[in-house]
2 protein chains.
Amino acid sequence: MTHSDGAHMAAEIAEQPAVLARVAAEAGPRLAEVARAIQARRPRFVLLASRGTSDHAALYAKYLIEIRLGLPAGLVSPSTMTVYGSRPELRDVLFLAISQSGGSPDLIDSVSAARDCGALTVAVTNNPSSELARAAELSVDVRAGAERAVAATKSYTAQLLALYLLLMPLAAGGPDNGQLAEQAAAVSQAARTTLDRSEEVSAVASAYRQADRLLTTARGFGYPTAREAALKLMETCYLGAQAFSGADLLHGPMAMVDAELPVLAVATPGAGGRAMLAVLERLRQRQPALVVVGGLPGLPGELPVLPVSTEGLPEELFPVVEILPLQQLSYQLARLRGADPDAPRGLAKVTRTW
Amino acid sequence: MTHSDGAHMAAEIAEQPAVLARVAAEAGPRLAEVARAIQARRPRFVLLASRGTSDHAALYAKYLIEIRLGLPAGLVSPSTMTVYGSRPELRDVLFLAISQSGGSPDLIDSVSAARDCGALTVAVTNNPSSELARAAELSVDVRAGAERAVAATKSYTAQLLALYLLLMPLAAGGPDNGQLAEQAAAVSQAARTTLDRSEEVSAVASAYRQADRLLTTARGFGYPTAREAALKLMETCYLGAQAFSGADLLHGPMAMVDAELPVLAVATPGAGGRAMLAVLERLRQRQPALVVVGGLPGLPGELPVLPVSTEGLPEELFPVVEILPLQQLSYQLARLRGADPDAPRGLAKVTRTW
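Residues numbered from 1 in each chain as written. Chains lettered and ligands numbered in written order. Predicted model: local features only at pLDDT ≥ 70, side-chain atom pairs only at ≥ 80, totals over all residues. Heavy atoms only, no water.

Overview of the overall build of chain A
If you tally the helices and strands in chain A, you get 14 helices and 10 strands. Scaling as 2.2 N^0.38, a compact globule of 354 residues should have a C-alpha radius of gyration of about 20 Å, and chain A matches this with 19 Å. Principal-axis analysis of the C-alpha atoms places the extent of chain A at approximately 50 × 50 × 40 Å. Summing over all exposed atoms, chain A offers an accessible surface of approximately 11,500 Å²; the carbon and sulfur share of this is 48%. (Helix = DSSP H or I, 4+ residues; strand = E, 2+ residues; numbered from the N terminus. Rg over C-alpha atoms; globule rule 2.2 N^0.38 Å. Areas by Shrake-Rupley, 256 points an atom, 1.4 Å probe, with all protein chains shown as cover.)

Concerning the pairing of strand 3 (residues 93–99) of chain A
Residues and elements named next belong to chain A. Of all seven residues in strand 3, seven are buried; the element is thus mostly enclosed. Where burial is concerned, the two faces of strand 3 agree: the one with Val-93, Phe-95, Ala-97 and Ser-99 and the one with Leu-94, Leu-96 and Ile-98 are both buried. Judged from the five bridges that link them, strand 1 (residues 45–49) and strand 3 form a sheet pairing that is parallel. Directly across from Leu-47, in strand 3, lies its bridge partner Phe-95. Bridging between strand 3 and strand 4 (residues 120–125) involves six bridges; their strand directions are parallel. Directly across from Ala-97, in strand 4, lies its bridge partner Ala-123. This β-α-β element, strand 3 to helix 5 (residues 105–116) to strand 4, shows right-handed connectivity. (Buried < 20%, exposed > 50% of the residue type's maximum accessible area, 1.4 Å probe, protein only. Pairing = 2+ DSSP bridges. Right-handed = clockwise from strand over helix to strand, strands pointing away.)

Description of the packing of aromatic side chains
The full count for this structure, using the stated rule, is seven aromatic pairs over all chains. Note on A:Tyr63 and A:Phe221: the rings are 6.1 Å apart at their centroids and 50 degrees apart in plane angle, and the pair reads as tilted. Remark: A:Phe221 occurs in the loop between strand 6 (213–218) and helix 10 (223–237) and A:Tyr63 occurs in helix 3 (residues 53–69); sequence separation between them is 158 residues. On the accessibility criterion, A:Tyr63 (4% relative accessible area) is buried. Of the residues examined, A:Phe221 reaches a relative accessible area of 2% and is grouped as buried. Members of the aromatic cluster, joined through ring pairs, are A:Tyr60, A:Tyr63, A:Phe221 and B:Tyr84. (Phe/Tyr/Trp six-rings, centres within 6.5 Å; stacked < 30°, edge-to-face > 60°.)

Overview of unusual backbone geometry
At A:Arg42, a position not held by glycine, the phi torsion is positive, near 45 degrees. Within the fold, A:Arg42 resides in the loop between helix 2 (16–41) and strand 1. Residues other than glycine seldom take positive phi values, yet B:Arg143 does so here, at roughly 65 degrees.

Overview of the confidence of the model for chain A
Interpreting fine coordinate detail is not advised for predicted regions of low pLDDT. Confidence along chain A averages 93 in pLDDT terms, with 98% of residues attaining 70 or more. Of the two predicted TM-score estimates for the complex, the pTM is 0.95 and the ipTM is 0.93. (pLDDT = per-residue confidence, 0-100.)

So, the sheet that holds strand 10 (residues 305–307) of chain B
Residues and elements named next belong to chain B. Strand order in the open sheet formed by five strands is 7-6-8-9-10, with parallel pairing between adjacent strands. Single-partner strands in this sheet number two, and they are strand 7 (240–245) and strand 10. Averaged over all neighbouring strand pairs, the angle between strand axes comes to 20 degrees, with direction disregarded. Examined bridge by bridge, strand 9 (residues 291–294) and strand 10 share three bridges and lie parallel to one another. Note on strand 10: the bridge partner recorded for Val-293 is Leu-306. (Axes fitted to C-alpha atoms, helices over the stretch in contact; angles between N-to-C directions.)

Things to note about the pattern of salt bridges
The final tally for this structure, using the stated rule, is 33 salt bridges over all chains. We note a salt bridge from B:Asp92 to A:Arg44, for which the minimum N-O separation is 2.9 Å. Here B:Asp92 is found in the loop between helix 4 (79–82) and strand 3 (93–99), whereas its partner A:Arg44 is found in the loop between helix 2 and strand 1 on a different chain. Owing to a relative accessible area of 28%, B:Asp92 belongs among the partly exposed residues under this scheme. Among the residues examined, A:Arg44 registers a relative accessible area of 15% and is labelled buried. Measuring nitrogen to oxygen at the nearest pair gives 2.8 Å for the salt bridge that ties B:Arg68 to B:Glu316. Highlighted residues: B:Arg68 in helix 3 (residues 53–69) and B:Glu316 in the loop between strand 10 and helix 14 (318–322), separated in sequence by 248 residues. By relative accessible area, which is 10% here, B:Glu316 ends up buried. Residues participating in the shared-partner salt-bridge network are A:Glu15, A:Arg22 and A:Lys154. (Salt bridge = Lys/Arg side-chain N within 4 Å of Asp/Glu carboxyl O.)

What to know about the packing of helix 8 (residues 177–196) of chain B against helix 15 (residues 324–336) of chain B
All names here are of chain B. Packing of helix 8 against helix 15 brings their axes to within 9 Å, and their N-to-C directions diverge by 40 degrees. When the axes of helix 8 and helix 15 are compared, the pair comes out oblique. When the axes of helix 8 and helix 15 are compared, the crossing they make is right-handed. Contacts between helix 8 and helix 15 involve Ala-191, Thr-194 and Leu-195 from the former and Leu-324, Pro-325 and Gln-328 from the latter. Class assignment of the residues belonging to the contact of helix 8 with helix 15 gives a composition of four nonpolar, two polar and no charged. (Parallel < 35°, antiparallel > 145°, perpendicular 65-115°, else oblique. Left-handed = near helix turned anticlockwise from the far one by under 90°. Contact = heavy atoms within 4.5 Å. Nonpolar A, V, L, I, M, F, W, Y, C, P; charged D, E, K, R; others polar.)

Some details on the nonpolar core
Of all hydrophobic cores here, the largest spans 118 residues; its most connected members are A:Ile65, A:Tyr208, A:Leu264 and A:Leu326. Discounting residues that sit within four places of it in the chain, A:Leu326 has contacts with A:Thr225, A:Ala229, A:Leu264, A:Val266, A:Val293 and A:Leu306. (Core = buried A, V, L, I, M, F, W, Y, C linked by side-chain atoms within 4.5 Å.)

A look at the relation of the copies chain A and chain B
Superposing chain A onto chain B takes a rotation of 180 degrees plus a shift of 0.0 Å along the axis, which leaves an RMSD of 0.0 Å. Expressed as a symmetry operation, the mapping of one chain copy onto the other fits a two-fold axis. When C-alpha positions in chain A are compared against the rotation axis, the closest is assigned to A:Gly74, at 1.8 Å. By residue overlap, the copies meet face to face through one surface: 100% of the interface positions of chain A are interface positions in chain B. (Least-squares fit on C-alpha atoms with pLDDT ≥ 70 in both.)

Side note on the interface of chain A and chain B
At the interface, 71 residues of chain A touch 72 residues of chain B. Across the chain A/chain B interface, buried area totals approximately 5,400 Å², and carbon plus sulfur atoms make up 54% of it. Its largest share of buried area at the contact with chain B, chain A owes to A:Arg44, A:Tyr84 and A:His251, together 14% of the area lost on that side. Applying the counting rule to chain A against chain B returns six salt bridges. In this structure, the connection of chain A to chain B is made through 26 residue pairs in polar contact (both at pLDDT 80 or more). Counted by class, the side of chain A that touches chain B contains 33 nonpolar, 19 polar and 19 charged residues. (Buried area = accessible area lost by both parts, 1.4 Å probe. Polar contact = N/O pair within 3.5 Å; in protein donor to acceptor, adjacent residues only side chain to side chain.)

Thoughts on the environment of A:Pro72
Note that A:Pro72 resides in the loop between helix 3 and strand 2 (73–75). Sequence separation of A:Pro72 and A:Arg44 is 28 residues, and the distance between their C-alpha atoms is 7.5 Å. With near-sequence residues (within four places) excluded, A:Pro72 lies in contact with A:Arg44, A:Phe45, A:Val46, B:Leu47, B:Glu89, B:Leu90 and B:Val93.

Things to note about helix 8 (residues 177–196) of chain A
Residues and elements named next belong to chain A. Here helix 8 is 20 residues long and its end C-alpha atoms lie 29 Å apart, about the 28 Å a rise of 1.5 Å per residue gives. Of all the positions in helix 8, only Leu-180, Gln-183, Ala-184, Ala-186, Val-187, Ser-188, Ala-190, Ala-191, Thr-194 and Leu-195 are classed as buried. Those residues of helix 8 hidden inside the fold are in contact with helix 1 (7–14), helix 2, helix 7 (154–167), strand 10 (305–307) and helix 14 (318–336). The N-cap residue of helix 8 is Asp-176: its side-chain oxygen and the backbone nitrogen of Gly-178 are 3.1 Å apart. (Expected span 1.5 Å × (residues − 1).)

Here's what the structure looks like:
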């Protein structure tokens, strides 16, 4: 293993504005074609299968599907099919598999089983020649380009935008092709503006240098960001980072929060961010040094903020930019702590699970 | 608030063999009746709504539904309906809400919305006069009896057994009423045997006395146990306890594991436990002091085990007993650390979220 000391991760974080533009330009036509094929089959239920970072892209898709498509959806536990041999009745089901590498055997087997059980299977990968892409009836390459750091960054934001472009044409009153192209251009620009504002990230990284644990929280469209940020901090900094929806936090884990536990709350203007206001009030009583990602009017007191540009974006696209300062934080904190974010101990780029 | 120093939690843990017998005897007939009503409506998809400990009962139900009923299922994010006002098409959907108190406004609103959207709504609560029970078309009282400790124990195992008795009559080739009664008697006896073996729990509690973080892991039917154990340790001991499916662990969080991080792996003989063998091998390389809950043949080396009695039980009922030594561990560790597990800081028994 080469010791690149995070050079790959840094480059891949910085590349995201260009990657997002490429997703729209190069994957856009295929995404529109697959969207039409899905529409023709009129699915009534959506299942999502994924692992790791892609699980958070799947969670994002679940919110889009429930809120904008008005369809019930569920995240699959692959073990039900691979360990227990379940063969459910999947007529009228869209089975969406999301994976950077397209190489994990349990996902490939789940897609094959779902296809046998009558589902329309669609794979969203960053590797069009993967076994997962071949196993699914339809597949899309998100065109993030080769990702060399083990910690996924650009493949994640590319998945988010690809899922938005795939699913929004299925929403009643959703954006047309021209509007989608405009939104994709706006998200690329917002990503550039957000990445350029990194001085606040450095201050938070310094403050967290000695932390052993950390908590992230959000609601609604912000929740996948909280989950992905926690995973990134676990992978690159070996921090015990835990993510909770703002509501779930109040049902138990709040007991752990004290002045010693750093908390990162995602709250960007929008319904999800506004629903966090009451949670932020409760958190502030226990952890005065709370950091808010995004920042919204009506925040209690003078909380430190990691700014996120959301100019011209619908709330559904906020997750693409909200994760960026948190990727930068993971990278900077790993470097401060002497870890190599390109090659975390104990991990390989393609994880094979059964 | 009275300072009962964990007397309620200790009593409620010990009461579980009797509670499980009562669930079968007193809730059994109503569960069978609701099962017949569900069968008559032939649902094609199942959605589950819950918060906190009940979320882990919902996750258990999801495995039962996917594996034994062969139906696709999903865990609802209540915010999609309550924060974003989503009104999905829920014809042919069974919407199952699980809550100890039946008092959280977001669950009540989700059930009302799901009912308006065409779902068959069923509430499983420990409070038959709750607003949640009234909001649902059908409801079942699990009959765990009043629970006074904030950390839920007997209401959780009562929910698990109630869900088993509710759902298994819908499984092709599932147990008949006589077999269900025998299984319920066996699980009550297995709970008694498991609770009586608490010396190993005391040894693990002493070993974890200074721990700040902890990791739990399992696969398949054991996974809800890993999740619930982590929540219990967070609530009562303020430990940074994190739960991962054995497969997800390999996709990132494994990087955090080192000899300083205590790991509790649930692996009881059965398909889920056997699927953990490869994960245990990987974990052992990084954390030699791994503790196994359950214990199964072929375990690497001389790992310490928290024994679980599963005599006469199908794997689907293992979760009812697997959680018991972990409840005892949470209680004992909280007491060793000087916390009051009956009244964790920052929590109330009924959590109201919107």
